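Chains, contacts and geometry: an overview
For reference, the chains in residue letters:
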2 protein chains.
Amino acid sequence: MQYSLDINIQLKGGMLDPEAAAIKQSLERIGFKTRELKLAKKIQVTIDAETEKDAENTAKQMCERLLANPVIHDYTIAVTVVNQ
Amino acid sequence: MQYSLDINIQLKGGMLDPEAAAIKQSLERIGFKTRELKLAKKIQVTIDAETEKDAENTAKQMCERLLANPVIHDYTIAVTVVNQ
């Protein structure tokens with residue numbers, strides 16, 4: 001079966017995020033007051049798997065082996081069946 | 001009132017995404033077969049606004065003036081009240 005994996009990768013809380021700080025500053029320079037700004041990378045992957053559990057395990061392994069750096073990143077995974 | 005804006009920015013369909021292609025290739029090189037892989041940037045901004053409608057308009061303006069390039073990007077906005 002086909003599954004869609006929504007993987008969200010974000011810097012751990014408290015980590016300095018220069019890109020977010022730069023965007024926040026640019027927004028304020030053109031007049032947008034913001035309290036807080038955080039960035040996340042969303043990776044949407046479509047894979048074949050036997051079960052939803054298999055798909056979720058595959059996503060976890062993808063994160064641990066390539067997509068996320070466990071020292072600085074937190075990640076969340078959402079799995080949905082793809083209707084053909 | 002405080003509102004949390006979840007802004008999702010993605011390349012328009014059909015656009016070539018070299019970063020996504022590189023990630024897909026790296027995943028396959030370490031043994032993960034994928035059908036499709038798409039990337040999106042998620043920006044979470046906390047702002048003050050009078051109403052939810054005002055917050056949404058502010059988010060739209062942020063996208064149109066800075067965060068998204070209307071020629072190559074699609075964006076979605078989700079607004080939620082921040083409970084203090």
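Heads up: these notes are all about the structure in this document. Remember, it's a predicted structure, so these values are computed and weren't measured experimentally. (Residues numbered from 1 in each chain as written. Chains lettered and ligands numbered in written order. Predicted model: local features only at pLDDT ≥ 70, side-chain atom pairs only at ≥ 80, totals over all residues. Heavy atoms only, no water.)

Right, let's talk about the relation of the copies chain A and chain B for a bit. Turning chain A through 180° and shifting it by 0.0 Å along the axis lays it on chain B, with an RMSD of 0.0 Å. The transformation just described matches what one would write down for a two-fold rotation axis. Taking C-alpha positions as the reference, the residue of chain A nearest the rotation axis is Lys41(A), at 2.5 Å. Looking at the interface residues of chain A, 100% of them are also at the interface in chain B, so both copies use one shared face. (Least-squares fit on C-alpha atoms with pLDDT ≥ 70 in both. Contact = heavy atoms within 4.5 Å.)

By the secondary structure assignment, Asn8(B) is in strand E1 (residues 2–11). In this structure Asn8(B) comes out as buried when scored by relative accessible area, which is 12%. Those residues in contact with Asn8(B) that lie beyond four places of it in its chain are Lys42(A), Ala40(B), Lys41(B), Lys42(B), Asp74(B), Tyr75(B) and Thr76(B). (Helix = DSSP H or I, 4+ residues; strand = E, 2+ residues; numbered from the N terminus. Buried < 20%, exposed > 50% of the residue type's maximum accessible area, 1.4 Å probe, protein only.)

Residues and elements named next belong to chain A. Among the structural elements, Met-1 can be located in the segment before strand E1 (2–11). Taking C-alpha positions, Met-1 is 38 Å from Met-15, a pair spaced 14 residues apart along the chain. Apart from the residues lying within four places of it in its own chain, the contact partners of Met-1 are Ile-47, Asp-48, Ala-49 and Val-81.

Before going further, it helps to spend a moment on the interface of chain A and chain B. The partner chain B presents 31 residues to the 31 residues of chain A that form the contact. Run the count over chain A and chain B and you get four salt bridges. The partner of Arg35(B) in a salt bridge is Asp48(A), with the nearest N and O atoms 2.9 Å apart. Taken together, chain A and chain B are joined by 12 residue pairs in polar contact (both at pLDDT 80 or more). Within the residue set of the side of chain A that touches chain B, elements represented by two or more residues are E1, helix H1 (18–29), strand E2 (36–48) and helix H2 (52–67) of chain A. Broken down by element, the residue count for the side of chain A that touches chain B peaks at 13 residues, all from E2(A). Bridge count for E2(A) against strand E2 (residues 36–48) of chain B is 11 bridges, and the pairing is antiparallel. Each residue of the ladder has a partner; that of Ile43(A), found in E2(B), is Leu39(B). (Salt bridge = Lys/Arg side-chain N within 4 Å of Asp/Glu carboxyl O. Polar contact = N/O pair within 3.5 Å; in protein donor to acceptor, adjacent residues only side chain to side chain. Pairing = 2+ DSSP bridges.)

Once that is clear, we can look at helix H1 (residues 18–29) of chain B. The end-to-end C-alpha distance of H1(B) is 16 Å, a good match for the 16 Å that 12 residues give at a rise of 1.5 Å each. Among all positions in H1(B), only Ala20(B), Ile23(B) and Leu27(B) are buried. Projected onto a plane normal to the axis of H1(B), the buried residues spread over an arc of 65° and lie on a single side. Counted as exposed and oriented over 90 degrees from the buried face of H1(B): Pro18(B) and Arg29(B). For H1(B), the elements touching its buried residues are H2 of chain A together with E2 of chain B. (Expected span 1.5 Å × (residues − 1). Arc of directions from axis to C-beta.)

Across all of its chains, the model carries 10 salt bridges over all chains by this definition. Among the salt bridges present, the one from Asp74(A) reaches Lys12(A), with a minimum N-O distance of 3.3 Å. Here the residue Asp74(A) occupies a position in strand E3 (residues 73–81), and Lys12(A) occupies one in the loop between E1 and H1, the gap between them amounting to 62 residues. For Asp74(A), a relative accessible area of 39% translates into the label partly exposed. Close ionic contact of Glu19(A) with Lys41(B) constitutes a salt bridge, the shortest N to O distance being 2.7 Å. Placement of the pair is Glu19(A) in helix H1 and Lys41(B) in strand E2, with the two residues belonging to separate chains.

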